[in-house]
Amino acid sequence: MRSLFGGKAAAYWRAAFVVMLIALVVVYILVGLYQQRWVTEPRYIAGDFGIYLTAIRSAQAGESAYYPYDIGTSFLYHPAVLSLLSPLTTLPYAAAFGLWAILSIMAYSILLKPVRVHWGWLVFTLLVFFAPVMVHVLIGQINLFAAVAIFAAWRFSEKGRDNFAGVALAVAIVLKLSPALLLVYFIARRRWQVVTAAVVSVMFLTLIPVLQFGIRPFVDFISSTLQTVSGTTGLSLLSIMEAAGIPAASLLHKLILLIVVCLLARAAWRRGSAFTFALFLLTMILFSPLIWLHHFVFIAVVLAILPLRRRWLPLIVLALVLIQCEEFVNLYPPGILTTLAVLVLALVCWRAEDDRKIVPQF
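These lines cover the structure that appears in this document, whether it is placed above or below. (Residues numbered from 1 in each chain as written. Predicted model: local features only at pLDDT ≥ 70, side-chain atom pairs only at ≥ 80, totals over all residues. Heavy atoms only, no water.)

**Considerations on the overall build of the protein**
Along the backbone of the protein there are 17 helices and two strands. Burial status across the protein gives 52% buried among its 362 residues. Restricting the contact set of the protein to residue pairs at least 6 apart, pairs at least 24 apart contribute 77%. Of the roughly 17200 Å² of accessible surface on the protein, 71% is carried by carbon and sulfur atoms. (Helix = DSSP H or I, 4+ residues; strand = E, 2+ residues; numbered from the N terminus. Buried < 20%, exposed > 50% of the residue type's maximum accessible area, 1.4 Å probe, protein only. Contact = heavy atoms within 4.5 Å. Areas by Shrake-Rupley, 256 points an atom, 1.4 Å probe, with all protein chains shown as cover.)

**Quick word on helix α13 (residues 274-286)**
With 13 residues, α13 should cover 18 Å at 1.5 Å per step; its first-to-last C-alpha distance of 18 Å lies within 8% of that length. Of all the 13 residues making up α13, 13 are buried; the element is thus mostly covered by neighbouring parts of the structure. (Expected span 1.5 Å × (residues − 1).)

**So, the packing of aromatic side chains**
In the structure shown here, the tally under the stated rule is 18 aromatic pairs. Each residue in the set F49, Y52, Y66, F75, Y77, Y93, F97, W100, F145 and F221 is aromatic and connected to the rest through ring pairs, giving one cluster. Over the ring of W269 we find R190; its NZ or CZ atom is 4.1 Å from the centre of that ring. (Phe/Tyr/Trp six-rings, centres within 6.5 Å; stacked < 30°, edge-to-face > 60°. Lys NZ or Arg CZ within 6 Å of the ring centre and 35° of its normal.)

**As for the nonpolar core**
Ranked by internal contacts, the top residues of the largest apolar core, which has 125 residues, are V123, L127, I299 and L303. The element contributing the most residues to this core is helix α4 (residues 93-128), with 14 residues. If we skip the residues at most four places from it in the chain, L127 touches Y108, L112, V115, V133, A300, L303 and L320. (Core = buried A, V, L, I, M, F, W, Y, C linked by side-chain atoms within 4.5 Å.)

**Some points on the packing of helix α6 (residues 143-158) against helix α7 (residues 162-175)**
The contact between α6 and α7 brings their axes to 8 Å, and the two run at 160 degrees. Considering the angle they form, α6 stands roughly antiparallel to α7. Like other packed secondary-structure pairs, α6 and α7 cross with a definite hand, here left-handed. Note on element contacts: α7 touches α6 through D162, F164, A165, A168, L169, V171, A172 and L175, opposite F145, A146, A149, I150, A152, A153, F156 and S157. Looking at the contact of α6 with α7 residue by residue, the class counts come to 14 nonpolar, one polar and one charged. (Axes fitted to C-alpha atoms, helices over the stretch in contact; angles between N-to-C directions. Parallel < 35°, antiparallel > 145°, perpendicular 65-115°, else oblique. Left-handed = near helix turned anticlockwise from the far one by under 90°. Nonpolar A, V, L, I, M, F, W, Y, C, P; charged D, E, K, R; others polar.)

**Things to note about the pattern of salt bridges**
Between side chains of opposite charge, a pair can form when the charged atoms approach closely. For the structure on display, the rule yields two salt bridges. For D162, the salt bridge identified is with R191, shortest N-O distance 2.6 Å. A residue pair is termed long-range when its members are at least 10 positions apart, and D162 in helix α7 and R191 in the loop between α8 (182-188) and α9 (192-213) qualify at 29 residues. Judged by its relative accessible area of 13%, D162 is buried. Under the relative-accessibility criterion, R191 is labelled partly exposed at 21%. A salt bridge links D220 to R216; the nearest nitrogen and oxygen atoms lie 3.5 Å apart. (Salt bridge = Lys/Arg side-chain N within 4 Å of Asp/Glu carboxyl O.)

Set out below in structure tokens:
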């Protein structure tokens, strides 16, 4: 009778745990949906995608694709993006945005498959309803394609296909300049073929818009990039440091970045791994001077490449919840929760280095 009671009690506790877990996932989803309230206004839907198409049409007309050089309302990307996206200008606006959204979801699904293999259905579900991804799709951002290119560069490099890895990394760099930091990882690993292929591919991708639109977009891109790097906005660590009144915050930010990159390069030189590469990715996110919520789609790449044991699952869930709640909690200065999330993931990568297992093949 006692064992029967104990068995029933255990079953009740398991059922209660499942119900509580489902309730928490529902709350997580609702928090993510709540944060979409500002992008559901007509002026925000396809907002970034509209900036892309406007820039392309300006370049086609011989005007500046980067004017008025304002972060948040102007085109900020490598001129190759103008060429890569120019076929979309031949479609009606609604059709072009619909196609862009479908392609974004398809790109994201590439990252979700290894996440499900590594982490199971809980993390998979949390990423499906991840607020940065929902914002990304609604405003028509480009980051998911850069994220997939980074994941492809990692997978190709692990399989010894260095030329393909370099090309994929070059695509990521022209879509989003910050992945250039990952070149340091491959240099430290002495993967010269990857580095050479990436540099040559970037040069080739730069030549295409020069032939299509002339030299002006490239000149404007250099000017726009210098303004972006020297500025700060959104959820960046530098914004938090400046809001906290830290003296010489910009200089200190750059100094910390240099120290972190040197330490990671040393680690990669001694032994490259998914953990070191993931730390480079997290550094790329953490130290970017320009970062909004949709930039955290790169977290999916980190989870897609990390071959961790499930005992790290609570910390992974904690990091995702912190990012999910960033704009819901709305702390000041902005970026506190997302910065903590990145630091939690960095701690996991650092502590789990000796806990690795064989990466599943996909």
